[in-house]
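# Observations on the model geometry
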Amino acid sequence: MVQEQNEGIADHNINKRLQWADGFILVYSICDRASFAVVEQQVQRIRRAKGIKCPVAPPIIIVGNKRDLRHRRTVSSEEGRLLALAADCGFFEISAAENYHGVLLAFHGLLDLIRETRALKKGAAGIKGIVRSVTAVFGRKRNDAKDTQD
Ligand SMILES: Nc1nc2c(ncn2[C@@H]2O[C@H](COP(=O)(O)OP(=O)(O)OP(=O)(O)O)[C@@H](O)[C@H]2O)c(=O)[nH]1
């Protein structure tokens, strides 16, 4: 019961963020399984919220950080990659401590996905507009035909 309430609050917070966020970067530590579990939950929450305010799924990049600490790894690369694949997210394993290249790649990856999503939204809006115009024209013609029959 309490967990359901907490999930409801968390969903509400995600929904609010979905109204302004263009995308998400979710970071876990490859040495900390609990942080990976949190990312799994957040991915589910974001995907669950999809469709409430935004018809196109917002882009998500999953980042496994602290790759320099391989000897302390508790989350395999495959697990990270599988999660990303299952939820249609980008995936990077990086070490923010070693250099900024991985961080840069993750942000560029998100920017690319945001651009793709915007193009999709525009396309969807364009198709909706065409459908609306066609429906208006043919709907009117059908009504006109009915009027002349009456
Ligand atoms: N070895 C290593 N340490 C890192 C890396 N990235 C961050 N850290 C260290 O991890 C610790 C937490 O980093 P923060 O930037 O505070 O990240 P956070 O998400 O706020 O982490 P928490 O404070 O633990 O919740 C700091 O001591 C960082 O120096 C990395 O890629 N490799």
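Since the structure is predicted, the reported quantities are computational estimates derived from the model, not experimental observations.

## A closer look at the overall build of the protein
Along the protein, the regular secondary structure elements total 4 helices and 3 strands. Along the chain direction, N to C, the helices and strands of the protein fall in the order α-β-α-β-α-β-α. Taking the contacts inside the protein whose residues are at least 6 apart along the sequence as the reference set, 72% of them involve residues at least 24 apart.

## A short note on helix H3 (residues 77-86)
For an α-helix the count is 3.6 residues per turn, leaving residues at separations of three or four pointing the same way. The set of residues buried in H3 consists of Gly-80, Leu-83 and Ala-84. In a view along the axis of H3, the buried residues occupy a sector of 95°, so they form one face of it. Facing away from the buried side of H3 by more than 90 degrees, the exposed set consists of Glu-78, Leu-82, Leu-85 and Ala-86. One or two steps after H3, the chain reaches Asp-88, where phi turns positive at roughly 55°.

## A closer look at helix H2 (residues 33-49)
Counted at 1.5 Å a residue, the expected span for H2 with its 17 residues is 24 Å, and the 25 Å between its end C-alpha atoms agrees. Among all positions in H2, only Phe-36, Val-39, Val-43, Ile-46 and Ala-49 are buried. Burial along H2 is one-sided: seen end-on, the buried residues are contained in an arc of 150°. Those residues of H2 that are exposed and aimed more than 90 degrees away from the buried face are Ala-34 and Ala-37.

Analysis parameters
- Note that residues are indexed from 1 along each chain, following the sequence as it is written.
- It should be noted that, the model being predicted, local features are given only for residues of pLDDT at least 70 and side-chain atom pairs only at 80 or more, the latter also being counted only at that level, while totals for whole chains, interfaces and linings use all residues.
- Secondary structure is summarised from DSSP: a helix means a run of H or I of at least four residues, a strand means a run of E of at least two, and numbering begins at the N terminus for each.
- The contact rule is simple: place each C-beta atom from the backbone, and if two of them lie within 7 Å, those residues are in contact.
- Residue burial is a threshold on neighbouring C-beta atoms within 10 Å of the residue's own C-beta, all placed from the backbone, with 20 or more meaning buried, 12 or fewer meaning exposed, and counts in between meaning partly exposed.
- Picture the helix axis, draw a direction to every C-beta atom, and the arc is the one those directions span.
- Any helix carries an expected span of 1.5 Å times its number of residues minus one.

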